Amino acid sequence: MEVINSIKFTMPSLSVNESAARAVVSSFLIQTDPTVEELSDIRTAVSEAVTNAVVHAYRGTCGNIELTVKLLRDREIYIRVKDKGCGISDVDKAMEPLYTTAPEEERSGLGFSVMESFMDKLTVRSMPGKGTTVTMRKRLSPNVG
Amino acid sequence: MKVDIRSERGTAVAVLSGEIDHHNARAVREEIDRYIVAAQPRSLAIDLGKITFMDSSGIGLIMGRSKLMKECGGMLEVRNPQPYIRRVLKLSGIERIVKVT
């Protein structure tokens, strides 16, 4: 993985930081001159991953969420959202569309579906009691002009 | 995030502006629900024309209001989503249960 540039941002798992995470990603991606659609896709995927960590990882408590964004060669964007929270016991189940453990908060259970659909690649690694790491990649269209 | 609710011939029109995410969806939900319970409109229209960002928290918000309107004997309509927000709506399949114009 040839890294051209990268940024790492750590934030407490407060819901107000969902927009902060999107702002960080947007600022970093300016250097790649993405299309409006590409930027929207990545911002949305990051928002979903960070929201999952805010809502599920540290239920009733607060912990850190680490967001890493890398620009790789050939205009590929790498994003990692990592927490050290409660973890997910059944990742396959959690990734099923409409599956949610927080219906009382009107969570739609579509977070992973959005990440999968808006990014090229999604990997979820989790261990109960240790935390969850979501990794996503997306290749941007060639920069013309 | 801002919510303006007005009445148009029995329909409550909620014009949302700003970004809908998990953090601010709760306040929007509470404001709309308060209005519905108090005014008992025949139908609710959520206008997304001034929304600049929406993730799946917005889908939860729409699904929840659809359920509430059904319980009250009314119906929900979603208006003016930007093309990008329409993609999120389409992905959720919500257009099968809520009218989107």
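That block above? That's the structure.
(A) Looking closely at the overall build of chain A. Across its full length, chain A holds 4 helices and 5 strands. Each helix and strand of chain A, placed in order from N terminus to C terminus, yields the pattern β-α-α-β-β-α-α-β-β. Computed over the C-alpha atoms, the radius of gyration of chain A is 15 Å, within 12% of the 15 Å expected from 2.2 N^0.38 for a compact globule of 145 residues. Each principal axis of the C-alpha distribution contributes one length, and for chain A these read about 50 × 25 × 25 Å. Within chain A, the fraction of its 145 residues that count as buried is 37%. Residue pairs at least 24 apart in sequence account for 67% of intrachain contacts in chain A once pairs closer than 6 positions are excluded.

(B) Broad picture of the sheet that holds strand S1 (residues 2-8) of chain B. Residue and element names in this part refer to chain B. An order of S1-S2-S3-S4-S5 is seen for the 5 strands of this open sheet, with the pairing classed as mixed. Edge strands, defined here as strands with exactly one partner in the open sheet, are S1 and strand S5 (99-100). Bridge count for strand S3 (residues 43-54) against strand S4 (residues 75-79) is 5 bridges, and the pairing is parallel. Paired with aspartate 47 across the bridge in S4 is arginine 79.

(C) Structural detail: the interface of chain A and chain B. If you look at the interface, chain A gives 21 residues, while chain B gives 18 residues. Those elements giving two or more residues to the side of chain A that touches chain B turn out to be helix H1 (17-29), helix H2 (36-57) and helix H4 (111-118) of chain A. The residue inventory of the side of chain A that touches chain B, partitioned by class, reads 5 nonpolar, 10 polar and 6 charged.

(D) Summary view of helix H2 (residues 56-71) of chain B. Residue and element names in this part refer to chain B. Across its 16 residues, H2 extends 23 Å between first and last C-alpha, which sits within 8% of the 22 Å expected from 1.5 Å per residue. Every buried residue of H2 is accounted for by Ser56, Ser57, Gly58, Ile59, Gly60, Leu61, Ile62, Arg65, Ser66 and Met69. Glycine 73, located one to two residues past H2, shows a positive phi value of around 80°.

(E) Spatial organisation of the packing of helix H1 (residues 22-39) of chain B against H2(B). Residues and elements named next belong to chain B. The N-to-C vectors of H1 and H2 enclose an angle of 15°; their axes lie 10 Å apart at closest approach. By the criterion of interaxial angle, the relationship of H1 to H2 is roughly parallel. The chirality of how H1 crosses H2 is right-handed. Here His22, Ala25, Val28, Arg29, Ile32, Asp33 and Ile36 of H1 come into contact with H2, specifically with Ser57, Gly58, Gly60, Leu61, Gly64, Arg65 and Leu68. Each residue belonging to the contact of H1 with H2 can be placed in one class, and the counts come to 6 nonpolar, 5 polar and 3 charged.

(F) Examining the environment of Thr132(A) more closely. Inspection of the secondary structure puts Thr132(A) in strand S5 (residues 131-139). What Thr132(A) contacts, discounting residues up to four positions off in sequence, is Ala57(A), Asp83(A), Gly85(A), Gly87(A), Ile88(A), Val124(A) and Ser126(A).

(G) Structural detail: the pairing of strand S4 (residues 121-127) of chain A. Residue and element names in this part refer to chain A. The pairing of S4 with S5 spans 7 bridges and is antiparallel. Within S5, the residue paired with lysine 121 across the bridge is arginine 137. Between S4 and S5, which pair antiparallel and follow one another directly, the connecting turn spans 3 residues, one of which, glycine 129, has a positive phi of 85°.

(H) Here's a closer look at the sheet that holds strand S3 (residues 76-83) of chain A. Residue and element names in this part refer to chain A. Taken in spatial order, the 5 strands make up an open sheet running S1-S2-S3-S5-S4, and their pairing is antiparallel. On the outer flanks of this sheet lie strand S1 (3-12) and S4, each paired with one strand and no other. Here the strands of the sheet are splayed against their neighbours by 10° on average, with no regard to which way each runs. In this fold H1 packs onto S1 and strand S2 (64-72), with an angle of close to 165° to the strand it touches most, S1. Set on the sheet, H2 makes contact with S2, S3 and S5; between it and S3 the angle comes to about 10°.

The rules we used
Residues numbered from 1 in each chain as written. Chains lettered and ligands numbered in written order. Predicted model: local features only at pLDDT ≥ 70, side-chain atom pairs only at ≥ 80, totals over all residues. Helix = DSSP H or I, 4+ residues; strand = E, 2+ residues; numbered from the N terminus. Rg over C-alpha atoms; globule rule 2.2 N^0.38 Å. Buried ≥ 20, exposed ≤ 12 C-beta atoms within 10 Å, placed from the backbone. Contact = placed C-beta atoms within 7 Å. Pairing = 2+ DSSP bridges. Nonpolar A, V, L, I, M, F, W, Y, C, P; charged D, E, K, R; others polar. Expected span 1.5 Å × (residues − 1). Axes fitted to C-alpha atoms, helices over the stretch in contact; angles between N-to-C directions. Parallel < 35°, antiparallel > 145°, perpendicular 65-115°, else oblique. Left-handed = near helix turned anticlockwise from the far one by under 90°.

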